[in-house]
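# Fold and contact review
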Amino acid sequence: MKRIIDSLDDLGRFSEPALLIMISLADGPKHGYAMTQDIEQVSGQKLGPGTLYGAIARLEEREWIEALPAEDRRRPYKLTGAGTKVLKARLESLRAMARIGNARLAEL
Amino acid sequence: MTARQLLHLYPRAWRERYGEEFVETIGARPLNAQQAIDIVGGAIDAWITFKSATTRLRTPGGGEVMTQQWKAICATSGVRYTKRDALISAGVMIAASFLLVAAGIYARRTGRLELGEALVSVSFPIALTVALPFAILKGQPKTAQVASVVFSTLILIIATWIATKI
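So, how was this worked out
- Residues numbered from 1 in each chain as written.
- Chains lettered and ligands numbered in written order.
- Predicted model: local features only at pLDDT ≥ 70, side-chain atom pairs only at ≥ 80, totals over all residues.
- Heavy atoms only, no water.
- Helix = DSSP H or I, 4+ residues; strand = E, 2+ residues; numbered from the N terminus.
- Contact = heavy atoms within 4.5 Å.
- Areas by Shrake-Rupley, 256 points an atom, 1.4 Å probe, with all protein chains shown as cover.
- Expected span 1.5 Å × (residues − 1).
- Buried < 20%, exposed > 50% of the residue type's maximum accessible area, 1.4 Å probe, protein only.
- Buried area = accessible area lost by both parts, 1.4 Å probe.
- Salt bridge = Lys/Arg side-chain N within 4 Å of Asp/Glu carboxyl O.
- Polar contact = N/O pair within 3.5 Å; in protein donor to acceptor, adjacent residues only side chain to side chain.
- Phe/Tyr/Trp six-rings, centres within 6.5 Å; stacked < 30°, edge-to-face > 60°.
- Core = buried A, V, L, I, M, F, W, Y, C linked by side-chain atoms within 4.5 Å.

### A short note on the overall build of chain B
Counting its regular elements, chain B contains 7 helices and 0 strands. Each helix (α) and strand (β) of chain B, taken in turn from the N terminus, gives the series α-α-α-α-α-α-α. Contacts spanning at least 24 positions in sequence make up 54% of the contacts within chain B whose residues lie at least 6 apart. On chain B, roughly 10500 Å² of surface is accessible, and the fraction owed to carbon and sulfur atoms is 67%.

### Quick look at helix α5 (residues 83-109) of chain B
Residue and element names in this part refer to chain B. Here α5 is 27 residues long and its end C-alpha atoms lie 39 Å apart, about the 39 Å a rise of 1.5 Å per residue gives. Burial in α5 covers these residues: D85, S89, M93, A96, S97, L100, G104 and A107. Note on α5: the residue one or two positions beyond its end, G111, has a positive phi of about 90°.

### Quick look at helix α4 (residues 49-61) of chain A
Because each turn of an α-helix spans 3.6 residues, side chains separated by three or four positions in sequence point in the same direction. Between its first and last C-alpha, α4(A) extends 18 Å over 13 residues, near the 18 Å set by a 1.5 Å rise per residue. Where burial is concerned, most of α4(A) is hidden: 12 out of the 13 residues are buried. Within the span of α4(A), buried status applies to A:P49, A:G50, A:T51, A:L52, A:Y53, A:G54, A:A55, A:I56, A:A57, A:R58, A:L59 and A:E60. In this fold, the buried residues of α4(A) make contact with α2 (15-25), α3 (32-43), β1 (65-67) and β2 (77-79) of chain A together with α2 (12-26) and α3 (33-49) of chain B. A:E63 lies just past α4(A) and shows a positive phi near 65°.

### A word on the interface of chain B and chain A
Every contact between the two is made by 22 residues of chain B and, on the other side, 22 residues of chain A. Both faces considered, chain B and chain A share a buried interface measuring about 1700 Å² in area, 47% of it formed by carbon and sulfur atoms. Our count for the chain B to chain A interface comes out at 4 salt bridges. Notably, a salt bridge pairs B:D45 with A:R58, separated by 2.7 Å at the nearest N-O pair. Our count for the contact surface shared by chain B and chain A stands at 10 residue pairs in polar contact (both at pLDDT 80 or more).

### Looking at the packing of aromatic side chains
Evaluated as defined, the whole model comprises 8 aromatic pairs over all chains. Seen from their ring centres, A:Y53 and B:F22 are 5.7 Å apart, and the 75° between their planes marks the pair as edge-to-face. Placement of A:Y53 in helix α4 and of B:F22 in helix α2 is noted, with the two residues assigned to different chains. Taken individually, A:Y53 and B:F22 each receive the classification buried, so the pair is uniform in this respect. By way of ring pairs, the aromatic residues A:Y53, B:Y10, B:W14, B:Y18, B:F22 and B:F50 are connected into one cluster.

### A short note on the nonpolar core
Ranked by internal contacts, the top residues of the largest apolar core, which has 38 residues, are A:I21, A:I56, B:W14 and B:F22. For B:F22, the contacting residues outside a window of four places in its chain are A:P49, A:G50, A:Y53, B:A3, B:L7, B:Y10, B:W14 and B:I39. B:L100, B:A107, B:L119 and B:V122 belong to the second-largest nonpolar core, a separate cluster that totals 5 residues.

Structure follows, in structure tokens:
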């Protein structure tokens with residue numbers, strides 16, 4: 001599990017955009033524009049096109065997402081099995097961190 | 001300025017893979033400054049990190065990286081980069097390094113300390129430049145190879161000469 005979490009951290013400044021993309025794809029395939037809309041709605045962050053496709057290229061290279069056949073000029077992406085595992089591990093890690101943080105805040 | 005115009009900043013392989021959907025994501029409307037900066041940053045990142053499916057390397061470990069990159073570049077430009085080429089370029093690089101270091105040591109011993117220091121400092125970059133015709137410049141026209149080597153070497157010599165004068 002540690003190795004998987006480290007792999008997502010290896011994405012450097014693309015780590016957070018990649019996480020947001022994976023969360024966006026968790027409820028089904030989406031193309032780039034739909035992802036940016038969904039991410040903005042969920043997190044309040046508007047990913048720029050350079051950042052979005054920088055993260056998509058990295059996720060695709062690691063086979064955590066995969067491209068589906070293009071619809072018109074838009075190509076949807078879906079989360080792969082490996083990507084789902086990485087996302088679950090990262091969300092579990094965040095949940096554990098939030099639990100610890102909240103517990104420490106409660107002690108104040 | 002539109003996304004389609006800035007798309008030309010990206011490597012060709014990247015454009016072929018993501019270009020249409022990238023433009024479609026933004027549409028034909030003019031970009032704001034934040035989007036334009038993000039796209040330029042993305043293009044720089046793509047030139048540094050993007051590997052197309054055909055050039056993606058499975059074993060980028062340790063000292064093999066440079067050779068693998070040379071192979072990948074030569075493969076995509078239609079030139080076959082063989083093991084023989086790798087050995088020749090390595091041999092040329094090592095021999096040129098030794099020659100320049102030896103010249104530097106000789107210069108120092110004969111009292112020309114600045115020249116000796118400069119020769120030793122540029123020995124590796126110049127040796128690397130001299131080996132380029134057998135690596136990433138393989139298959140290019142002879143004039144282009146000679147011009148690249150001479151021009152790069154001159155820049156290195158001038159930069160080093162200036163550095164010794166400061």
